[in-house]
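Here are the chains, one letter per residue:
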There are 2 protein chains.
Amino acid sequence: MGQDHPGRPHHAAVNAGEAGRMKSPNQLSALEAARAIEAGTLTSEALVRACLDRIAERNLDVLAFTATDHELALRHARHADQQTGGVLRGIPFAVKDVIETRDYETAYGSPIYLGHRPRVDAGSVARACENGAVLLGKVATSEFATQTPSNTRNPHDLRHTPGGSSSGSAAAVADCMVPVAFGTQTTASIVRPASYCGVVGYKPTFGFIGTAGLKPLSPTQDTIGLLTRTVEDAAFFAFGLHGARVADRDDLSPRLAICRSGQWEHARPEMIDAVERVAREAQRHGAVVRTITLPREIEDLYDLQARLFAFEARQSLAHERLHDSDKFSERLKQRLAGGLGITPDEYLTMRRRAALARAQLASLFDGVDALLYPPAQGEADAGLADSGSPRFGALWSLLHVPCVSFPVTRGPQGLPIGVQAIGAHGDDARLLAIAAFLARVAADR
Amino acid sequence: MGQDHPGRPHHAAVNAGEAGRMKSPNQLSALEAARAIEAGTLTSEALVRACLDRIAERNLDVLAFTATDHELALRHARHADQQTGGVLRGIPFAVKDVIETRDYETAYGSPIYLGHRPRVDAGSVARACENGAVLLGKVATSEFATQTPSNTRNPHDLRHTPGGSSSGSAAAVADCMVPVAFGTQTTASIVRPASYCGVVGYKPTFGFIGTAGLKPLSPTQDTIGLLTRTVEDAAFFAFGLHGARVADRDDLSPRLAICRSGQWEHARPEMIDAVERVAREAQRHGAVVRTITLPREIEDLYDLQARLFAFEARQSLAHERLHDSDKFSERLKQRLAGGLGITPDEYLTMRRRAALARAQLASLFDGVDALLYPPAQGEADAGLADSGSPRFGALWSLLHVPCVSFPVTRGPQGLPIGVQAIGAHGDDARLLAIAAFLARVAADR
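Our subject in this report is the structure included herewith. Note that this is a predicted model, so its numbers are computed, not measured.

### Here's the deal with the overall build of chain A
Scanning chain A from N- to C-terminus turns up 15 helices and 13 strands. Its C-alpha atoms give chain A a radius of gyration of 20 Å, within 12% of the compact-globule value 22 Å for 445 residues. Classification of the 445 residues of chain A by burial places 66% in the buried group. Within chain A, counting contacts between residues at least 6 apart in sequence, those at least 24 apart form 77% of the total. If the 48 positive side-chain charges of chain A are averaged to one point and the 50 negative ones to another, these points end up 1 Å apart.

In C-alpha cells form, the structure reads like this:
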C-alpha cells in the first residue's frame, strides 16, 4: 500500500498511535491523522504539505492527480487548524474528476470538457468541506467513468493498470499522496481499482453519498464511494461527511457466506484462494461461514446490468453523443451504440426484474450478515490500455447493496489482491465493521 | 384546458382528425400535430409560430415561460420540416427550468443562478431533440423545485396558484402555449399542478426519463415527467423521446382499486367525489373496481418521505447553502434545516424501510392494475404565495411507481379537478393505457 515507495522522511514524523510506529504524515491513515490533529501533535498544514510533497515526488510517474492548487489547499488547511470541531477537521481528500468542483477544472476524463469549471462543488464535496475536510485536488478518471482508461499507473508496478474507472483515486491513496479519495462505481469502478492497488474501496448503499454534482452515466446505478487505506477510514469519512461519528460496534462474530456465482469461473486461482483464506481466518476468529450459490434470477442479472447501463448511458451522454462524438473514444462509441436497439418496454422490464431481485436478495440477507466475493479476477494485468473486467461488481451495483473491497494478499506477480464483502441494503455500518474485522484477521495471519 | 382563452384564429386552422373539429395549431394535441405533420397538412414551422404567438399573447398574464428564442425555435422547426422520420418530428416542447439547456439560461428558480448557462442539454432534452422534437423555451419552476413558488398564474383564473413546483410546465400546457412540457416531481410536483391546471401530469417510474442534467434535490426520488393535454400525448412523448412508438393496448377491462389512505381526511369532498365518479364510470365501462386501504407500513412512510427529502436536499444544495444562503427563501432555509438532526444511521434505516415498502407494494399490485387516488386536496386555492400541499404525491414518489393525473371535473370555484391513477413499478405502458381509458370515460359522462 505504497510502503514500497516511502517518501523521504523530511517531514516531522508522527507517532501513529497504538502501534507506536513513526510515520511521515502523508502515510497516516485519516483516522490517525484526525486523532493527531485533535491531540495537537499534528497540524492540517503539515499534513497537507506532506501530501503535496508526496504528489510532487511521485505524480509524474503515477499520474494519479490531474490538478492540485497548493496555495488554496494550504489556506484551507490553515483555516482548519484555527477551528475547533468538524468531524473531518483538517483531513485532506481528493476527488475523482467526474465529480464537480468549483475550484478545479472538471473534465470528466474527456477532451470535450477540457477547461470546464463547474459553478459549484458537488454536494458530497461541499459536505466534506462543511465538516472540516480539506480538498487537495482532482484525481484521474477513465472517460466519463466508462472503460477507456486514464493514463494513471499502478503505484505498485508502473507497468500495470491501477484498474478503473476510479484509477486516480485508488492510485493516489495507494501511493500515500492523500488518505482519502472520492471514487464512483456504476459497475465495478471502486472495488476493482481498490483490489488492484491494495487499498480499501467502499461502494456504499446506492445514494448514501449524494450524487448531486456527479456527471450521470447510469443514474439508477451510479454510486459515489471512497478509496482509503483502511476500512476504518472509509467508515470515518463516509459518516463524517454527514457530520457523524461512527459508533463502535462489537456485533462480531458475523455470519458470513462465500457467495459462489457463475462469474467465479473467471476468477483466477489466487483470487479464489484469497476469498477462501479470508473465510478460514474469519472462522478461526469466531465467524460463522457457509457457502451459498446465487438464485438463477439474480445470476441472470449480469447480462441485464450491461444492457440497462447502455440504455441509460446513451441518454445521459446524449448531448455529447449528438454534438461531440468525434471526441469520444471508439470504445465509448461502441458502448453507447449497444443501447441503440433497446426499447423503452425492454428497459422497463429490466428495471422491474432488478426491483424483484433486490427484494429477493434482501431475504437472502435474513440469515447472513455479509457475503464474501472477489472484487476482480486477480492481480492487475500489465499494460495501461485495459483496466480489467468489471464483472465482479455488476450484480451488486445493480442491486444497490454496499460493498467493501479490502487488501488481503499478493498474487504471483507480487501485486495486491483484495477480497470483497457485501452487505444488505442500508446495512453499511454493520458491513464496514465486518470488513474491518476481516481485514484485521486477514492481515494477522 | 385552455379553451377558456382561445387564441385569435389568425392561424390557418387544422382539421384535428376524428372529431372533425377545426383548431388553431397551438390547440392541437402533440399526437394530432404529429399526424398532421406526417400527413403534410401542417408544418412544424406553422405549429411553432402558433405556439409563439400564443405565448406572446398570454405570457405576460400567465408568466409560464421564462425564456423563448423565436429565431432558434423557428430554425429548428424548419429543419424538422425538411427531415423525414423522427418519432417526435416537429413537435414543440418546453422544459422546466430545473433541467439544463445549453441554449437557454437555466436558473433553477433561484436568484443564485441568474444568467447561468449550462454547457450541455440534459439527457432528456437531447433525446427529445434527437427524435425530432423542437425546444420552444424554458418554463418557470419554484425555487430549486421546492416550495417557494414562481410567479406563474393559473390560466383558468389568474388569481389562483397553478400548483408547483412544475408551475410553468402545467400553466403553459393548459394555456395552449405548447403541447408538451417536461416537469419534475420529488413529492407531488407534477400531479398537483396538473390537477390544478386541468392537464395531464405523468410522473413515470423513477428513472424512466433519465435525470442527467436535472439539478438534484432528493436524488433517490427526483423524477422527470411530462405535462400534456391528453394522456395519449404523455405516452407518445415519453416513449417517443426514447425513439419508440407506443404499442396499441387493449387489455381493458382493468382491475382498479380506490386506494383509501390516512391522507384522505385532507381531501375536500369534491375531490373524493371526483375519484368515486371515475371509479363508477370505469365500472360502467367494464372495469372491476374495489376499495382497499394501505398497510400501516406504507401509510407510515408519509412522514418518512419528508425527512428523507430533507436529508438528501441538505446535501444536494450544500454548496449553495454554505456560500449563497442569503439568496435562499426563508422557506427553503427552514426546509433544509429540517435535515440537520437526521443522522446517517437514521437515513439508512429510512432507505431500508422504503425498500421494504416497495416490495410490499409490488405484491399489492398482484391483484390490481391501477390505484385511484387524489392528486391534490381539491381545486387550486386563491393566491400565489402557496402552491398547495404535496401530501398526495409523497408516498408514490418515494415508492418509485408511475402516476398519471388526468382532468375529470371542475370544483365549486369552477376550477379543474383531476384524479390520479397509480401503477406498478415499471408498468408505465399499462398505466398510461388505463389512464387514457379513465380520462375518456370520465369525459364521456
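This is not the end of the story, as more comes after the structure.
### Topic: the relation of the copies chain A and chain B
For these two chains of identical sequence, chain A goes onto chain B by a turn of 180° and a shift of 0.0 Å along the axis, with RMSD 0.0 Å. Seen this way, the second copy is the image of the first under a two-fold rotation axis. Residue Ala359 of chain A of chain A places its C-alpha closer to the rotation axis than any other residue of that unit, at 3.0 Å. Of the interface residues in chain A, 100% have counterparts in chain B that sit at the interface too, so the contact is made through matching surfaces.

### What to know about the packing of helix 1 (residues 30-39) of chain B against helix 7 (residues 231-240) of chain B
All names here are of chain B. In contact at an axis separation of 8 Å, helix 1 and helix 7 are set at 65° when each is read in the N-to-C sense. Contact residues: helix 1 offers Ala30, Leu31 and Ala34, while helix 7 offers Glu232, Asp233 and Phe236. Class assignment of the residues belonging to the contact of helix 1 with helix 7 gives a composition of 4 nonpolar, no polar and 2 charged.

### Description of the pairing of strand 9 (residues 255-260) of chain B
Every other side chain in a regular strand lies on the same face of the sheet, so the side chains alternate between the two faces. Residues and elements named next belong to chain B. In this sheet, strand 10 (residues 288-293) lies alongside strand 9 in parallel orientation, the contact comprising 6 bridges. Directly across from Arg260, in strand 10, lies its bridge partner Thr293. Read as a crossover between parallel neighbours, the route from strand 9 over helix 8 (residues 269-284) to strand 10 is right-handed. In terms of strand pairing, strand 9 meets strand 11 (residues 370-373) through 3 bridges, oriented parallel. Looking across to strand 11, one finds that Leu256 is bridged to Ala370.

### With respect to the sheet that holds strand 6 (residues 180-185) of chain B
Residues and elements named next belong to chain B. Strand order in the open sheet made by the 11 strands is 3-5-4-6-8-7-12-13-11-9-10, with mixed pairing throughout. The outermost strands of the open sheet, each flanked by one partner alone, are strand 3 (65-68) and strand 10. When strand polarity is set aside, the average angle formed by the axes of neighbouring strands in this sheet is 30°. Strands in contact with helix 7 are strand 4 (92-96), strand 6, strand 7 (200-203), strand 8 (223-228) and strand 12 (403-410); relative to strand 8, the strand with the most contacts, it is inclined by about 135°.

### Digging into the sheet that holds strand 12 (residues 403-410) of chain A
Residue and element names in this part refer to chain A. If you trace the 11 strands from one edge of the open sheet to the other, you get 3-5-4-6-8-7-12-13-11-9-10, paired in mixed fashion. At either margin of the open sheet sits one strand with a lone partner, and together these are strand 3 (65-68) and strand 10 (288-293). Pairwise comparison of adjacent strand axes, ignoring direction, gives a mean angle of 30° for this sheet. Contacts between helix 4 (residues 123-130) and the sheet are confined to strand 4 (92-96), strand 5 (134-139), strand 6 (180-185) and strand 8 (223-228), with strand 4 contributing the most and set at about 175° to the helix. Relative to strand 8, helix 7 (residues 231-240) is tilted by about 135°, and along the sheet it contacts strand 4, strand 6, strand 7 (200-203), strand 8 and strand 12.

### Looking at the interface of chain A and chain B
Listed per partner, the contact involves 53 residues of chain A and 53 residues of chain B. For the pair chain A and chain B, the summed buried area comes to about 4400 Å², and 60% of that belongs to carbon and sulfur atoms. Taken as a group, Arg119, Gln315 and His319 of chain A account for 16% of the area that chain A buries against chain B, more than any other trio of residues on that side. Where chain A meets chain B, there are 6 salt bridges. A salt bridge links Glu130 of chain B to Arg321 of chain A; the nearest nitrogen and oxygen atoms lie 2.6 Å apart. Across the chain A-chain B interface, the total number found is 14 residue pairs in polar contact (both at pLDDT 80 or more). In terms of residue count, the dominant contributor to the side of chain A that touches chain B is helix 13 (residues 344-364) of chain A (8 residues).

### Let's talk about empty space enclosed by the protein
Here the idea is plain: a probe the size of a water molecule rolls over the atoms and shows the empty space left. Counted according to the given criterion, the structure contains 7 cavities of 30 Å³ or more. Space inside the largest cavity adds up to approximately 70 Å³. Every residue lining the largest cavity is listed: Val98, Phe144, Ala145, Thr184, Thr186, Leu214, Lys215, Pro216, Leu217, Asp222 and Thr223 of chain A. For the lining of the largest cavity, the class distribution of residues is 6 nonpolar, 3 polar and 2 charged. Roughly 50 Å³ of volume is contained in the second largest cavity. Around the second largest cavity sit Val98, Phe144, Ala145, Thr184, Gln185, Thr186, Leu214, Lys215, Leu217, Asp222 and Thr223 of chain B, which together line it. Of the residues in the lining of the second largest cavity, the class split is 5 nonpolar, 4 polar and 2 charged.

### Thoughts on the environment of Arg75 of chain A
Mapped onto the elements, Arg75 of chain A comes out in helix 3 (residues 70-82). In this structure, the C-alpha to C-alpha distance between Arg75 of chain A and Ala34 of chain A, residues 41 residues apart in sequence, is 18 Å.

Reading the values: rules and limits
Going along each chain's sequence as written, the residues are numbered from 1 onward. Each chain gets a letter, beginning with A, and each ligand a number, beginning with 1, in the order they are written. Reporting in this predicted model follows two pLDDT cut-offs: at least 70 for local features of residues, and 80 or more for side-chain atom pairs to be given and counted; totals over whole chains, interfaces and linings ignore these cut-offs and use all residues. Just so you know, side-chain values use all the structure's heavy atoms and leave hydrogens and water out. Put simply, DSSP H or I for four residues or longer makes a helix, DSSP E for two residues or longer makes a strand, and each gets a number counted from the N terminus. The globule rule used here is 2.2 Å times the number of residues to the 0.38 power, and the radius of gyration it is set against is calculated over C-alpha atoms. Whether a residue is buried, partly exposed or exposed follows from its accessible area with a 1.4 Å probe, protein chains only, as a fraction of its type maximum: under 20%, in between, or over 50%, in that order. Contact definition: two residues touch when any of their heavy atoms are within 4.5 Å. In this charge count, Lys and Arg are treated as positive and Asp and Glu as negative; neither His nor the chain ends contribute. All charge positions are set by atom: Lys at NZ, Arg at CZ, Asp at CG, Glu at CD. Least-squares superposition aligns the copies on the C-alpha atoms of those residues with pLDDT at or above 70 in both. Under this scheme, a helix contributes an axis fitted over its contacting stretch, all axes are lines through C-alpha atoms, and angles between N-to-C directions fall in the 0 to 180 degree range. When residues are sorted by character, Ala, Val, Leu, Ile, Met, Phe, Trp, Tyr, Cys and Pro go into the nonpolar class, Asp, Glu, Lys and Arg into the charged class, and all the rest, Gly among them, into the polar class. When DSSP locates at least two bridges between a pair of strands, those strands are taken to pair. Here, the term right-handed applies to a crossover whose path from the first strand over the helix to the second runs clockwise when the strands point away from the viewer. What counts as buried area is the accessible surface, traced by a 1.4 Å probe, that two parts surrender upon association, with contributions from both included. Salt bridge, as used here: a side-chain nitrogen of Lys or Arg that lies within 4 Å of a carboxyl oxygen of Asp or Glu. Pairing of N or O atoms within 3.5 Å defines a polar contact, subject to two protein rules: one partner must be a possible hydrogen donor and the other a possible acceptor, and residues neighboring in sequence count only if both atoms are side-chain atoms. Only protein atoms enter the 1 Å grid used here, on which a cavity is any set of points holding a 1.4 Å probe that cannot leave and a pocket is any open set flanked by protein within 12 Å on both sides along at least five of seven lines; residues with an atom within 4 Å of a point are listed as lining. Grid points are joined across faces, edges and corners, and a volume is the space filled by probe spheres set on the points.

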